[in-house]
Structure formats: structure tokens, C-alpha cells
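Structural characterization, general
Residues per chain, in single letters:
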Amino acid sequence: MEYLLARSDRQLGICLRMLYDEGYKNLVVESEINAKNRMEFHVKVRADEPTMAKLNERYQTLIS
């Protein structure tokens with residue numbers, strides 16, 4: 001299981017909308033405080049390596 005990294009509420013919203021649009025409904029969202037004392041979210045997705053690479057590429061395009 002891999003995860004997509006969201007560093008803000010806006011990125012988290014974009015990530016969740018993208019994954020729901022792709023048909024992923026069973027997601028796990030974990031929040032953490034990073035080394036710079038900022039909140040970040042790990043959105044875990046059950047997908048194989050090539051699928052995760054495609055999802056991550058699309059996600060990076062959407063948040064840029």
C-alpha cells in the first residue's frame with residue numbers, strides 16, 4: 001500500500017476528489033506532524049506500482 005502526500009487542506013481536497021473520480025472509495029487518510037512542525041496528510045491507496053505511479057503523476061499535475 002502506497003500513499004499520496006498532501007501538505008495542505010487544499011491538496012488533500014484535490015487528492016480525495018481525484019481518487020473518488022478514479023473509483024477509489026476505500027481510502028485511509030492519516031495526519032502527521034512533519035520535521036518542520038507542519039501538518040501533512042498521507043492518503044493511502046491499495047493499488048499496484050504502475051497504477052500508483054499514474055495516480056501520483058496525475059495528482060502532481062493537479063496540485064501544481
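See above for the structure.
Since we're looking at a predicted model, the values are computed, not measured.

1. As for the pairing of strand β2 (residues 28–33)
Where β2 meets strand β3 (residues 39–45), six bridges bridge the pair, whose relative direction is antiparallel. Each residue of the ladder has a partner; that of I33, found in β3, is M39. Here β2 hands over to β3 after five residues, with N37 in that stretch at a positive phi of 65°.

2. Digging into the sheet that holds β2
With respect to topology, three strands assemble into an open sheet ordered β1-β3-β2, the strand pairing being antiparallel. Both edges of this open sheet fall to β1 (2–6) and β2, since each of them pairs with a single strand only. Each strand of the sheet is rotated relative to its neighbour by a mean of 30°, with strand direction disregarded. Seen against the sheet, helix α1 (residues 9–22) touches β1, β2 and β3 and runs at an angle of roughly 10° to β3. Across the sheet, helix α2 (residues 49–63) touches β1 and β3, and the angle it forms with β1 is around 5°.

3. Concerning the pattern of salt bridges
Counted by the stated rule, this structure contains three salt bridges. Residue D21 is joined to R58 by a salt bridge in which the shortest nitrogen-to-oxygen separation is 3.4 Å. Taken as a pair, D21 in helix α1 and R58 in helix α2 lie far apart in primary sequence, 37 residues in all. For D21, a relative accessible area of 57% puts it in the exposed group. For K44, the salt bridge identified is with E30, shortest N-O distance 3.5 Å. Placement of the pair is K44 in strand β3 and E30 in strand β2, with a sequence separation of 14 residues.

Rules behind the numbers
- Residues numbered from 1 in each chain as written.
- Predicted model: local features only at pLDDT ≥ 70, side-chain atom pairs only at ≥ 80, totals over all residues.
- Heavy atoms only, no water.
- Pairing = 2+ DSSP bridges.
- Helix = DSSP H or I, 4+ residues; strand = E, 2+ residues; numbered from the N terminus.
- Axes fitted to C-alpha atoms, helices over the stretch in contact; angles between N-to-C directions.
- Contact = heavy atoms within 4.5 Å.
- Salt bridge = Lys/Arg side-chain N within 4 Å of Asp/Glu carboxyl O.
- Buried < 20%, exposed > 50% of the residue type's maximum accessible area, 1.4 Å probe, protein only.

The analysis is restricted to geometry; functional conclusions fall outside its scope.
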